[in-house]
Amino acid sequence: MRARIATTLSALAARLDGGRDYLDGDRPNALDVYAATFLTPLCPIPESDCPRLQPLLRQAFGTAREEIGDAVPRALFEHRSRMYERHLGWPIEI
């Protein structure tokens, strides 16, 4: 399962090759939103980034990050940050 996840994440990251900002064109679409939100549990989430996140959920997200986070290519972490900064709103509201 972990190998399949890593393969999928690598395929998504490859869509950002050449310095592209978005996964499928010049503008964000649903794939960009889904990828950014899906990656959130795999990223460090300081309280300042998501102040209302319940402690138990923050802990659960930390477990996901420990298990799979190292499989996320840097380009996808950067894409996630870009999506939240430009389009999804920061800090993250739950």
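Structure: see above.
Thresholds, definitions, all that
Residues numbered from 1 in each chain as written. Predicted model: local features only at pLDDT ≥ 70, side-chain atom pairs only at ≥ 80, totals over all residues. Heavy atoms only, no water. Helix = DSSP H or I, 4+ residues; strand = E, 2+ residues; numbered from the N terminus. Rg over C-alpha atoms; globule rule 2.2 N^0.38 Å. Buried < 20%, exposed > 50% of the residue type's maximum accessible area, 1.4 Å probe, protein only. Contact = heavy atoms within 4.5 Å. Axes fitted to C-alpha atoms, helices over the stretch in contact; angles between N-to-C directions. Parallel < 35°, antiparallel > 145°, perpendicular 65-115°, else oblique. Left-handed = near helix turned anticlockwise from the far one by under 90°. Core = buried A, V, L, I, M, F, W, Y, C linked by side-chain atoms within 4.5 Å. Polar contact = N/O pair within 3.5 Å; in protein donor to acceptor, adjacent residues only side chain to side chain.

1. Some thoughts on the overall build of the protein chain
Reasoning step 1: Along its length, the protein chain carries four helices and zero strands.
Reasoning step 2: The helix and strand sequence of the protein chain, counted from the amino end, reads α-α-α-α.
Reasoning step 3: Computed over the C-alpha atoms, the radius of gyration of the protein chain is 13 Å, within 12% of the 12 Å expected from 2.2 N^0.38 for a compact globule of 94 residues.
Reasoning step 4: Projecting the C-alpha coordinates of the protein chain onto the three principal axes gives extents of approximately 35 × 30 × 20 Å.
Reasoning step 5: With 94 residues in all, the protein chain has 34% of them scored as buried.
Reasoning step 6: Taking all contacts inside the protein chain whose residues are at least 6 apart in sequence as the whole, residues at least 24 apart take part in 67%.

2. Focus on the packing of helix H2 (residues 30-39) against helix H4 (residues 74-88)
Reasoning step 1: Two elements in contact, H2 and H4, have axes whose closest approach is 9 Å; the angle formed by their N-to-C orientations is 110°. When the interaxial angle is binned, H2 and H4 end up roughly perpendicular. Judged by the twist between their axes, the crossing of H2 over H4 is left-handed. The segment H2 lies against H4, with Asp-32, Val-33, Ala-35, Ala-36, Thr-37 and Leu-39 engaging Leu-76, His-79, Arg-80, Met-83, Tyr-84 and Leu-88.

3. Focus on the nonpolar core
Reasoning step 1: Formed by Leu-9, Leu-12, Ala-13, Leu-16, Leu-23, Ala-35, Leu-39, Leu-42, Ile-68, Ala-71, Val-72 and Leu-76, the largest nonpolar core amounts to 12 residues.
Reasoning step 2: Taken together, the elements giving at least two residues each to this core come down to helix H1 (2-14) and H2.
Reasoning step 3: Sorting elements by how many residues they give to this core places H1 first, with three residues.
Reasoning step 4: With sequence-adjacent residues up to four places away left out, Leu-42 is seen in contact with Ala-64, Arg-65, Ile-68, Gly-69, Val-72 and Phe-77.
Reasoning step 5: Residues Ala-36, Cys-50, Leu-53 and Met-83 belong to the second largest nonpolar core, which totals nine residues.

4. Some thoughts on the side chain of Thr-40
Reasoning step 1: Its location among the elements puts Thr-40 in the loop between H2 and helix H3 (55-68).
Reasoning step 2: Judged by its relative accessible area of 8%, Thr-40 is buried.
Reasoning step 3: A polar contact of 3.3 Å, which involves the side chain of Thr-40, links it to the side chain of Arg-80.
Reasoning step 4: Sequence-distant contacts of Thr-40, that is, excluding residues within four places in its chain, are made with Ile-45, Arg-80, Tyr-84 and Ile-92.

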